[in-house]
Amino acid sequence: MIFSHARCVHLSVFCCTLCSLCVLCDLFSSIGGAIKPVVTFTPNWGNILYYDDVTLTCDVPFTVPEEPRTYHWYKDRRPIPRDQQRLHITSSRVEDRGDYQCQTIGGDISDPVFLNVTENFVILQRPPFSIYEGDPLTLRCHNWRFYNAINKKFYKDDQEIKSSESDSTFHIPNITMSQSGLYKCTKEFQRKDSPYVMERSDEFFISVKELFSPPEIKVTLSGVIEGDEMTVRCDTRLDPLRGSTELHFAFYRDGRTVRGYNVSDTYRVRSSQLEDSGNYTCEVRTRSDSVRKMSDGFYIQIMQIHGELEELNKPLI
């Protein structure tokens, strides 16, 4: 059984009135927020040539099982007469260009995803979604089906990065922000019924987004007295659109590991000692280790309380 967002709100209020723990409130809220679908493309390109085929799928990340399910599709916020999970576009036309959304009965509507249909000889194809550091990236130099390509080249900021007679793709396993730039592909090809060779190209600026900010060491107190608890936190900000990314944290003192990688962003010493003084750094990485970042150092001084009191009690000369 699936609850609509509005019904979940009413049920949540009702549950909160009857149940001080509000367990059901959290359950309904989580269901209401979890059934927002996502539109995906197969093949996974955000731009295609006219006459290309593409399939749009309405993916629901999490729902209470319900079969069969009815889907609603929208193009540029206008309903499309389709009720299946997949929307097939065959021999695409420029008129198929637009923002696509989908929705299940009782669920939220998806975010819009733009499909660009182009009339051109060659296009540089790219994924439809934003690219973040650590993502794999594949670009494809794609030409109109009525021509035979005989040479393909890829460029970044006018520097050639790949040349191939047969392979029309360029792949980066883990892209970095420094790899943002203007990418271009060229193809030499000829019409099937003509001996003449032409060269055509397409280019696109790839902007790689920051997945999470460089970490910073945060300490509860500027000075820690011997025997007190010391709490050190590794502070970073994860992009909200990638909020499900799992980050792991490690802590170091004077370059030596004091706590290995863990999902907790906090390092604690229950009873700090003088030897806990030192230059602290932390490192953050993704679970897959595709992105990792190190903080600047932060010196923490553990103070000896008796020595401090003796200094305060010394007579003035």
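That block above? That's the structure.
Owing to the predicted nature of the structure, the values given are computational and were not obtained by experimental measurement.

How each quantity is defined
- Residues numbered from 1 in each chain as written.
- Predicted model: local features only at pLDDT ≥ 70, side-chain atom pairs only at ≥ 80, totals over all residues.
- Heavy atoms only, no water.
- Helix = DSSP H or I, 4+ residues; strand = E, 2+ residues; numbered from the N terminus.
- Buried < 20%, exposed > 50% of the residue type's maximum accessible area, 1.4 Å probe, protein only.
- Contact = heavy atoms within 4.5 Å.
- Areas by Shrake-Rupley, 256 points an atom, 1.4 Å probe, with all protein chains shown as cover.
- Disulfide = S-S within 2.5 Å.
- Pairing = 2+ DSSP bridges.
- Axes fitted to C-alpha atoms, helices over the stretch in contact; angles between N-to-C directions.
- Salt bridge = Lys/Arg side-chain N within 4 Å of Asp/Glu carboxyl O.
- 1 Å grid on protein atoms, 1.4 Å probe; cavity = no way out; pocket = protein on both sides within 12 Å on 5 of 7 lines; lining within 4 Å.
- Points joined across faces, edges and corners; volume = space filled by probe spheres on them.
- Nonpolar A, V, L, I, M, F, W, Y, C, P; charged D, E, K, R; others polar.

## Things to note about the overall build of the protein chain
Phase 1: Scanning the protein chain from terminus to terminus reveals 3 helices and 27 strands.
Phase 2: Looking at the protein chain as a whole, 38% of its 317 residues are labelled buried.
Phase 3: Summarising the internal contacts of the protein chain: among those between residues at least 6 apart in sequence, 61% fall at separations of at least 24.
Phase 4: Roughly 18400 Å² of accessible area belongs to the protein chain as shown, and the carbon and sulfur atoms make up 51% of that amount.

## Let's talk about the environment of Glu203
Phase 1: Among the secondary structure elements, Glu203 is positioned in strand 16 (residues 198–206).
Phase 2: Put simply, Glu203 and Cys141 are 62 residues apart on the chain and 9.8 Å apart in space, counted from C-alpha to C-alpha.
Phase 3: Setting aside chain neighbours within four positions, we find Glu203 in contact with Leu124, Leu182, Tyr183 and Lys184.

## A word on the state of the cysteines
Disulfide: a covalent bond connecting the sulfur atoms of a pair of cysteines.
Phase 1: Applying the stated rule across the entire model yields 3 disulfides.
Phase 2: Shown here is the disulfide that connects Cys141 with Cys185, its sulfur atoms set 2.3 Å apart. Here the S-S torsion is close to 80 degrees, and the disulfide linking Cys141 with Cys185 is therefore right-handed. With Cys141 in strand 11 (residues 137–143) and Cys185 in strand 15 (residues 181–191), the pair connects residues that are 44 residues apart, well separated along the chain.
Phase 3: Since its relative accessible area comes to 0%, Cys141 is described here as buried.
Phase 4: Disulfide partner of Cys234: Cys282, at an S-S distance of 2.1 Å. Disulfide Cys234-Cys282: torsion about the S-S bond near 70 degrees, hence right-handed.

## Some details on the sheet that holds strand 9 (residues 122–125)
Phase 1: On the basis of which strands lie adjacent, the open sheet formed by 3 strands has the order 9-11-14 and antiparallel pairing. Each end of this open sheet is capped by a strand with a single partner; those strands are strand 9 and strand 14 (169–172). Adjacent strand axes in the sheet meet at a mean angle of 10 degrees when their direction is disregarded.

## Points about the pattern of salt bridges
Phase 1: For the coordinates displayed, the defined rule picks out 15 salt bridges.
Phase 2: Its salt-bridge partner being Lys36, residue Asp111 comes within 3.0 Å of it at the nearest N-O pair. Here the residue Asp111 occupies a position in the loop between strand 7 (98–104) and strand 8 (113–118), and Lys36 occupies one in the loop between helix 2 (23–34) and strand 1 (38–42), the gap between them amounting to 75 residues.
Phase 3: Using a relative accessible area of 48% as the deciding quantity, one classes Asp111 as partly exposed.
Phase 4: A relative accessible area of 34% means that Lys36 is categorised as partly exposed.
Phase 5: Across the salt bridge formed by Arg237 and Asp235, the nearest N and O atoms sit 3.8 Å from each other.
Phase 6: Residue Asp235 is classed as buried on the basis of its relative accessible area, which comes to 16%.
Phase 7: Beyond isolated ion pairs, a larger network of salt bridges with shared partners links Glu133, Glu210 and Lys293.

## Focus on the layout of surface pockets
Phase 1: Within this model, the largest pocket holds a volume of roughly 810 Å³.
Phase 2: Considering the residues around the largest pocket, the lining is formed by 25 residues, among which Val38, Phe129, Ser130, Leu241 and Arg242 are closest to the centre.
Phase 3: Going through the elements one at a time, strand 1, strand 8 and strand 10 (131–132) are the ones with two or more residues in the lining of the largest pocket.
Phase 4: Split into classes, the residues belonging to the lining of the largest pocket amount to 15 nonpolar, 6 polar and 4 charged.
Phase 5: In this structure, the second largest pocket occupies an estimated 240 Å³ of space.
Phase 6: Around the second largest pocket sit 15 residues that line it, and Arg126, Pro127, Pro128, Phe129 and Phe204 are the ones nearest its centre.
Phase 7: For the lining of the second largest pocket, the secondary structure elements donating two or more residues are strand 8 and strand 16.
Phase 8: Looking at the lining of the second largest pocket element by element, the count peaks at 3 residues for strand 16.
Phase 9: Of the residues that constitute the lining of the second largest pocket, the class distribution is 8 nonpolar, 5 polar and 2 charged.

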